[in-house]
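What the coordinates show
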Amino acid sequence: MHDLGLAAWFGGSLMGTVGLNGGAATAKSPDERLAISASGWAKWAPVQLAAIAVHGIGGLGLIAGNKTRLVGQQEARTNTVIKIVITGLAGASTLASGLVGKKMGDHAAEGAQGVTEPGAGSSPELSSAQRAQKVLQWTTPLLTAVLIVLAAQQGEQQRPIKGLWETTLKNLRRK
C-alpha cells in the first residue's frame, strides 16, 4: 500500500510535468495552453491527493510495525526521519504547485508562450506563477524519487542476513 501510493505520487507528478504540460504546450492558441494544463491538473488532483494519503497511511503503518526495529537500529531510525522530512517537503511542493497552478488557471485567458513560459502579454501575476511552476513541476518528482531510493535502502537494511550479521557483530562486541 505504502509503495503503491508513492509510485502513484511519483508517476503522476512526472506524467503531468512531461506529458500533460508538454502536451498542453503544443496547443496552437496561446490562451488554450494554460487552460488545457489547468484542466488536466484539476482532474488529476483528487488522484494525487489519494496517492499522498495512501503513502502517508502506509508510512504510519510501517513505522508502527517496525517500532522495535527503529528503537534498536540507528540506521533505520535515521532513514525514517529523513524520509519523513522529505515526504513533508514533497507534500509542501505538491500543495504549492497546486496553488500556483490554480493561479495560472485563473489567468489562462492571458495566454502564454508555454505552460511555464510567460507570453508577451502575460501579467506579472501569471509570469510569477509560471516561473514558480517551472521549478515546482520538477521538485515533486525529484523528492519522490529520493523517497523511492530511501525506501529501497531501508528494505535492504531489513534483509535477514544483514540483520543477522549486524546482530552477531553487536553481540560479539559486548563480550
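Not measured: the values here are computed from a predicted model.

As a further point, take the overall build of the chain. Per the secondary structure count, the chain includes six helices and zero strands. Buried residues in the chain amount to 35% of all 175 residues. Considering only contacts in the chain between residues 6 or more positions apart, those separated by 24 or more positions represent 71%. Total accessible area on the chain stands at roughly 10000 Å², and carbon and sulfur atoms take up 70% of it.

Turning our attention to the nonpolar core. Ranked by size, the top nonpolar core spans ten residues in total: A24, L34, V100, M104, A108, A112, V115, L126, A129 and L136. For this core, the secondary-structure elements that each account for two or more residues are α4 (74–106) and α5 (124–157). Here the element with the most residues in this core is α5; it accounts for three residues. Those residues in contact with A112 that lie beyond four places of it in its chain are P30, R33, L34, E117, P118, G119, S122 and Q130.

A word on the confidence of the model for the chain. Mean pLDDT over the chain: 81, with 83% of residues reaching 70 or higher. Across the chain, the element-wise mean pLDDT spans from 68 in helix α1 (residues 2–25) up to 89 in α4.

The next subject is the pattern of salt bridges. In this structure the tally under the stated criterion is two salt bridges. For K102, the salt bridge goes to D106, with nearest N and O atoms at 3.1 Å. Note that K102 and D106 are positioned in helix α4 at a spacing of four residues, about one turn of the helix. Among the residues examined, K102 registers a relative accessible area of 54% and is labelled exposed.

Remark: the empty space left among the atoms is shown by a probe the size of a water molecule rolled over them. Quantified by volume, the largest pocket comes out at close to 540 Å³. Put simply, the parts of the chain that give the lining of the largest pocket at least two residues each are α1, α2 (30–65), α4 and α5. Here the lining of the largest pocket is composed, by residue class, of 14 nonpolar, 14 polar and one charged.

Bringing α2 into the picture now. In an α-helix, one turn spans 3.6 residues; hence positions three or four apart end up facing the same way. Over its 36 residues, α2 extends 52 Å from the first C-alpha to the last, a length consistent with the 52 Å expected when each residue adds 1.5 Å. Every buried residue of α2 is accounted for by R33, L34, S37, G40, Q48, A51, H55, G58 and G59.

Looking at the secondary structure, you find S93 in helix α4. Looking at S93, the relative accessible area reads 5%, which means it is buried. When sequence neighbours within four positions are dropped, the list of residues in contact with S93 reads L136, T139, T140 and L143.

Quick look at the packing of α2 against α4 now. Contact pair α2 / α4: the axes reach a minimum separation of 10 Å and the direction vectors enclose 160°. Accordingly, the angle class assigned to the pair α2 and α4 is roughly antiparallel. Helix-helix and strand crossings are classified by hand; for α2 and α4 the assignment is left-handed. Of α4, the residues touching α2 (which contributes L34, A38, Q48, I52, H55 and I63) are T80, I84, T87, T94, M104 and G105. Among the residues making up the contact of α2 with α4, the classes are represented as six nonpolar, six polar and no charged.

When you line up the elements, A129 lands in helix α5. Measuring from C-alpha to C-alpha, the distance between A129 and H107 comes to 9.7 Å, with 22 residues separating the pair along the chain. When near neighbours in sequence (up to four residues on either side) are disregarded, A129 contacts V100, K103 and M104.

Reading the values: rules and limits
Residues numbered from 1 in each chain as written. Predicted model: local features only at pLDDT ≥ 70, side-chain atom pairs only at ≥ 80, totals over all residues. Heavy atoms only, no water. Helix = DSSP H or I, 4+ residues; strand = E, 2+ residues; numbered from the N terminus. Buried < 20%, exposed > 50% of the residue type's maximum accessible area, 1.4 Å probe, protein only. Contact = heavy atoms within 4.5 Å. Areas by Shrake-Rupley, 256 points an atom, 1.4 Å probe, with all protein chains shown as cover. Core = buried A, V, L, I, M, F, W, Y, C linked by side-chain atoms within 4.5 Å. pLDDT = per-residue confidence, 0-100. Salt bridge = Lys/Arg side-chain N within 4 Å of Asp/Glu carboxyl O. 1 Å grid on protein atoms, 1.4 Å probe; cavity = no way out; pocket = protein on both sides within 12 Å on 5 of 7 lines; lining within 4 Å. Points joined across faces, edges and corners; volume = space filled by probe spheres on them. Nonpolar A, V, L, I, M, F, W, Y, C, P; charged D, E, K, R; others polar. Expected span 1.5 Å × (residues − 1). Axes fitted to C-alpha atoms, helices over the stretch in contact; angles between N-to-C directions. Parallel < 35°, antiparallel > 145°, perpendicular 65-115°, else oblique. Left-handed = near helix turned anticlockwise from the far one by under 90°.

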